[in-house]
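# Summary of structural features
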Amino acid sequence: MEVDTLEKRHAGVSGAELSILGIGCWMFGGTSDDYWGSHDDNEARNLVAAAMDRGVNYFDVAEVYNEGRSEEALGRVLKGRRDEAVIGTKILPDNCSKAGVREHCEASLRRLDTDYIDIYMVHWPLRGQPVEDAFGTLKELKDEGKIRVIGVSNFGVKDLTEALGTGAEIGINQMHYNLLSRAIEAEILPLCIERKIGISTYMPLLQGILTGKYATIDEIHPNRTRTRHFRGDRPDSRHGEAGAEMEVDQVLGDLRTLASETGHSVGQMALAWVAARKGITCVIAGARNVEQLEANIEGVSLKLDESVLVRLDEITEPLYKKLGTNPDYWQSLENSRIR
Ligand SMILES: NC(=O)c1ccc[n+]([C@@H]2O[C@H](COP(=O)([O-])OP(=O)(O)OC[C@H]3O[C@@H](n4cnc5c(N)ncnc54)[C@H](OP(=O)(O)O)[C@@H]3O)[C@@H](O)[C@H]2O)c1
């Protein structure tokens, strides 16, 4: 077993301590029909063991991932090392009635085969379910020890403020954030810093696009071009906007140039940049194999020179301006689910 040197950070004032790299486990338990394709327990077991041996403690799932099979797979592969892990899972907003929160939490506990969930998040903002019912039940579950930290995900300023208004202590807000997706910097990140709420970030590599492994946008799998970075007429896209493909191409080209100047890879710079932002607790990345995991550990551990960080801000500023401050990268501002 290797020495545990990976940095750990506190999730706000919640008491939870997460490794700076978290493992996105959405692909766990996947079959050929699922978003990330087939993924068996051997692959998951190898990845989790390698991650833990290198100091990673945070594992991120949701009840919705592969219809519960991601939670089940994570529960199976953590057997014997559960107490070393911090597990974050999420409940869908439609399940957040008073009775629903308890029922769905119990179901996640069963699938994960554990007595407690370290961080239990409301996956997307509530629409229709009373906020007091959802967060009131979450507080009860916390008092009973079934969950240790209440969290949210994709909550903007209005929803976060309403949730805090129930008196619930919120430890973490999980948000989409990377060099190509900077919208949370406008309002959400400053509010979380002010209210001492940690931020965990998903898609720090924009599903691999920020590793620089695609020479052109047309090479990217259509599953991964549904966001507002890309034209709204691409397959399965819902945002209906023009996209910002020229700017994305420009940024990726500039990042390759900066990578050759600095000697770091594009992916490492992308991860190091997120990890260096004020207010970030944990950078959650999915990894297909141990090789990607190791590259990602190197990335989050890399301390970039201030001049490189500034250059990364400058390179991505025009794209940030073009995409605007709507933090929902799958929907237009008009239909944004994040407010
Ligand atoms: N709260 C939410 O609403 C929400 C939404 C989405 C995701 N999440 C969480 O965030 C996690 C991560 O997000 P994500 O998986 O969608 O995006 P991601 O981590 O940005 O992308 C994962 C993919 O990126 C590629 N990749 C990762 N490391 C790489 C490396 N070092 N070199 C080359 N390619 C690399 C792999 O692609 P290949 O398959 O091409 O090898 C991998 O499958 C999820 O598992 C989930 O836990 C949360």
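Definitions and cut-offs
- Residues numbered from 1 in each chain as written.
- Predicted model: local features only at pLDDT ≥ 70, side-chain atom pairs only at ≥ 80, totals over all residues.
- Heavy atoms only, no water.
- Pairing = 2+ DSSP bridges.
- Helix = DSSP H or I, 4+ residues; strand = E, 2+ residues; numbered from the N terminus.
- Axes fitted to C-alpha atoms, helices over the stretch in contact; angles between N-to-C directions.
- Contact = heavy atoms within 4.5 Å.
- Near = heavy atom within 4 Å.
- Polar contact = N/O pair within 3.5 Å; in protein donor to acceptor, adjacent residues only side chain to side chain.
- Nonpolar A, V, L, I, M, F, W, Y, C, P; charged D, E, K, R; others polar.
- Buried < 20%, exposed > 50% of the residue type's maximum accessible area, 1.4 Å probe, protein only.
- Right-handed = clockwise from strand over helix to strand, strands pointing away.
- Phe/Tyr/Trp six-rings, centres within 6.5 Å; stacked < 30°, edge-to-face > 60°.
- Lys NZ or Arg CZ within 6 Å of the ring centre and 35° of its normal.

The sheet built from eight strands closes into a barrel, its strands ordered 3-4-5-6-7-8-9-10 with parallel pairing. The average angle at which neighbouring strand axes cross in this sheet is 30°, direction not considered. The sheet contact formed by strand 9 (residues 198–202) and strand 10 (residues 280–285) spans four bridges and is parallel. Residue pairing in the sheet places Ser200 in a bridge with Cys282 of strand 10. Running over the sheet, helix 9 (residues 290–301) touches strand 3 (21–24) and strand 10 and is turned about 150° from strand 3.

The next subject is the site of the ligand. The immediate surroundings of the ligand are formed by 30 residues, with Asp60, Ser153, Gln207, Gly286 and Arg288 found nearest. Contact distances for the ligand include 2.8 Å between an oxygen atom and a backbone N or O atom of Gln207. Secondary-structure elements contributing two or more residues to the shell around the ligand are strand 10 and helix 9. Top contributing element to the shell around the ligand by residue count: helix 9, with three residues. Considering only residue class, the shell around the ligand consists of 14 nonpolar, 11 polar and five charged.

As a further point, take the environment of Arg127. Its location among the elements puts Arg127 in the loop between strand 6 (117–122) and helix 4 (131–143). Between the C-alpha atoms of Arg127 and Cys96, which are 31 residues apart in sequence, the distance is 9.6 Å. Contact partners of Arg127, with chain neighbours within four places excluded, come to Asp159, Arg337 and Arg339. There is a polar contact of 3.1 Å between the side chain of Arg127 and the side chain of Asp159. Within the structure, Arg127 has its side chain in polar contact with the backbone oxygen of Arg337 (distance 3.1 Å).

Here the focus is the pairing of strand 3. Looking down a regular strand, the side chains alternate between one sheet face and the other. The side-chain alternation of strand 3 yields two buried faces, one formed by Leu21 and Ile23 and the other by Gly22 and Gly24. In this sheet, strand 4 (residues 58–60) lies alongside strand 3 in parallel orientation, the contact comprising three bridges. Looking at the pairing, Gly24 lines up with Asp60 of strand 4.

Further remarks concern the environment of Asp53. Summarising the element assignment, Asp53 is placed in helix 1 (residues 41–53). A C-alpha to C-alpha distance of 21 Å links Asp53 and Ala275, two positions 222 residues apart in sequence. Within the structure, the side chain of Asp53 is placed 3.1 Å from the side chain of Arg81, a separation counted as a polar contact.

Turning next to the pairing of strand 9. Summarising burial for strand 9: five of the five residues are buried, a large majority. Neither face of strand 9 is left uncovered, since the one carrying Gly198, Ser200 and Tyr202 and the one carrying Ile199 and Thr201 both have all their residues buried. With five bridges joining them, strand 8 (residues 170–176) and strand 9 adopt parallel strand pairing. Pairing of Ile172 across the sheet is with Gly198, part of strand 9. The β-α-β motif built from strand 8, the intervening helix 6 (residues 188–194) and the parallel element strand 9 has right-handed crossover chirality.

Moving on, we get to unusual backbone geometry. In this structure, Asn154 is a non-glycine residue whose phi angle is positive, near 65°. Positionally, Asn154 belongs in the loop between strand 7 (147–153) and helix 5 (157–165). Assessed through its relative accessible area of 2%, Asn154 is described here as buried. Phi is positive for Lys196, close to 55°, though the residue is something other than glycine. Mapped onto the fold, Lys196 is located in the loop between helix 6 and strand 9.

For the structure shown, the criterion picks out seven aromatic pairs. For the ring pair Tyr35 and Trp36, a centre distance of 5.1 Å and an interplane angle of 70° mean the geometry is edge-to-face. By relative accessible area, which is 16% here, Trp36 ends up buried. Consider the rings of Tyr202 and Trp330, whose centres lie 6.4 Å apart with planes at 20°: the pair is stacked. Taken together, the residues Tyr202 in strand 9 and Trp330 in the segment after helix 10 (306–323) connect sequence positions 128 residues apart. Of the aromatic side chains, those joined through ring pairs into one cluster are Trp26, Tyr35, Trp36 and Tyr65. Between Arg82 and the ring centre of Tyr116, over which it is positioned, the NZ or CZ distance is 4.1 Å. Above the plane of the ring of Trp124 lies Arg337, whose end atom (NZ or CZ) is 4.0 Å from the centre.

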